[in-house]
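The residues making up each chain are set out below.
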Amino acid sequence: MKKLFLVLAAATLSFGAAYAQDANEAPAQETAVEQVVAPEADAVEELAGEPMHFALMKKFLEGGWEWMLPVLVCLVLGLAIAIERILYLTMAQINTKKFTEEVERLLNEKGVEAALEYCRNTRGPIASIYYQGLLRYDQGLEAVEKAVVSYGSVQQGQLESGLSWISLFIALSPSLGFMGTVVGMIQAFDDIQAQATISPAVVAGGIKVALLTTLMGLIAAVILQVFFNYILSKIEGQVVKMEDTSITLIDMLTAYNKR
């Protein structure tokens, strides 16, 4: 959308510039406006004609691959883990209301074995917790409650698997960027010492490396932080459902035991 907007803006400005050139009898003020608009149109055309991935690749190479590559690796690995977690959490979600109603119906109509079979064939951590609880029904409600609590902790740990790596990459990306910044500044001062003079041409290279590595590290950390918080919110919602449905299971078995 942004690229399309820039292309349309460039076309509009180019048309305006061509129209101003054809109007030979236009006032001098319009000629002055044309001279201001034409360079801006050229700049917009150049920006719109350059693909975003090409511009990023160029800045990546300008920042020095030896410092930009580790940051990129952190970003790619972090995104890979984040996508895997999102897919896992999405697959783990079920209609809890429908599930608990079906378990209760099977329990009341066909007994524990039918409810166990239904839980075995249903995906997700809630179904696994129900299966472990129903499996120990013959040992008493106290054993069921302990199994639900213990296996609930196991399922929560599985949901949170990989988050520590994403957190590591979030902390590591800006740190690597700042390391590249320090190296770039050292390079700038080395150039000053070698040339025995302070000029923009001498220090521009080192400072550019410093700024680009810092920028890349911050961008990677921000992207991963957004994914991390999104995954964390989905895990928290899933854990709340697990706790709520576990209480429902205990109440369900208590009522079934009184029959």
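As a starting point, this report considers the structure included with it.

Calculation notes
Throughout this description, residue numbers start from 1 for each chain and increase along the sequence as written. Local features are withheld for residues below a pLDDT of 70 in this predicted model, meaning they are given only at 70 or higher, and side-chain atom pairs are given and counted only at 80 or more; totals for whole chains, interfaces and linings count all residues. Heavy atoms throughout the structure, all of them, feed into the side-chain values; hydrogens and water do not. Among buried residues, the Ala, Val, Leu, Ile, Met, Phe, Trp, Tyr and Cys ones that are joined through side-chain atoms within 4.5 Å form a nonpolar core. Only protein chains enter the accessibility calculation, which uses a 1.4 Å probe. A residue is then buried if its area is under 20% of the maximum for its type, exposed if over 50%, and partly exposed in between. The helix and strand labels rest on DSSP assignments: H or I over at least four residues marks a helix, E over at least two residues marks a strand, and numbering proceeds from the N terminus. Residue contacts follow a heavy-atom distance rule, with two residues in contact if any of their heavy atoms lie within 4.5 Å. By convention in these notes, a salt bridge is any Lys or Arg side-chain nitrogen within 4 Å of a carboxyl oxygen on Asp or Glu.

### Some words on the nonpolar core
No. 1: Phe-99, Leu-107, Tyr-130, Leu-134 and Ile-231 are the most contacted members of the largest nonpolar core, which has 45 residues in total.
No. 2: Counting residues per element, the ones that place at least two in this core are α4 (65-92), α5 (96-109), α6 (112-120), α7 (125-135), α8 (141-159), α9 (163-195) and α10 (200-257).
No. 3: Looking at this core element by element, the count peaks at 13 residues for α10.
No. 4: Setting aside chain neighbours within four positions, we find Leu-134 in contact with Leu-107, Val-112, Ala-115, Leu-116, Cys-119, Leu-249 and Leu-253.

### Some points on the side chain of Thr-214
No. 1: Of note, Thr-214 is situated in helix α10.
No. 2: What Thr-214 contacts, discounting residues up to four positions off in sequence, is Gly-177, Phe-178 and Thr-181.

### Section: the pattern of salt bridges
Two side chains that carry opposite charge are able to pair once their charged atoms sit near each other.
No. 1: Under the defined criterion, the tally for this structure stands at 5 salt bridges.
No. 2: Note that Lys-146 is salt-bridged to Glu-142, the shortest N-O span being 3.8 Å. Taken together, the residues span about one helical turn, with Lys-146 and Glu-142 both in helix α8 at a distance of 4 residues. Glu-142 matches Lys-146 in its accessibility class, with the two residues each being exposed.

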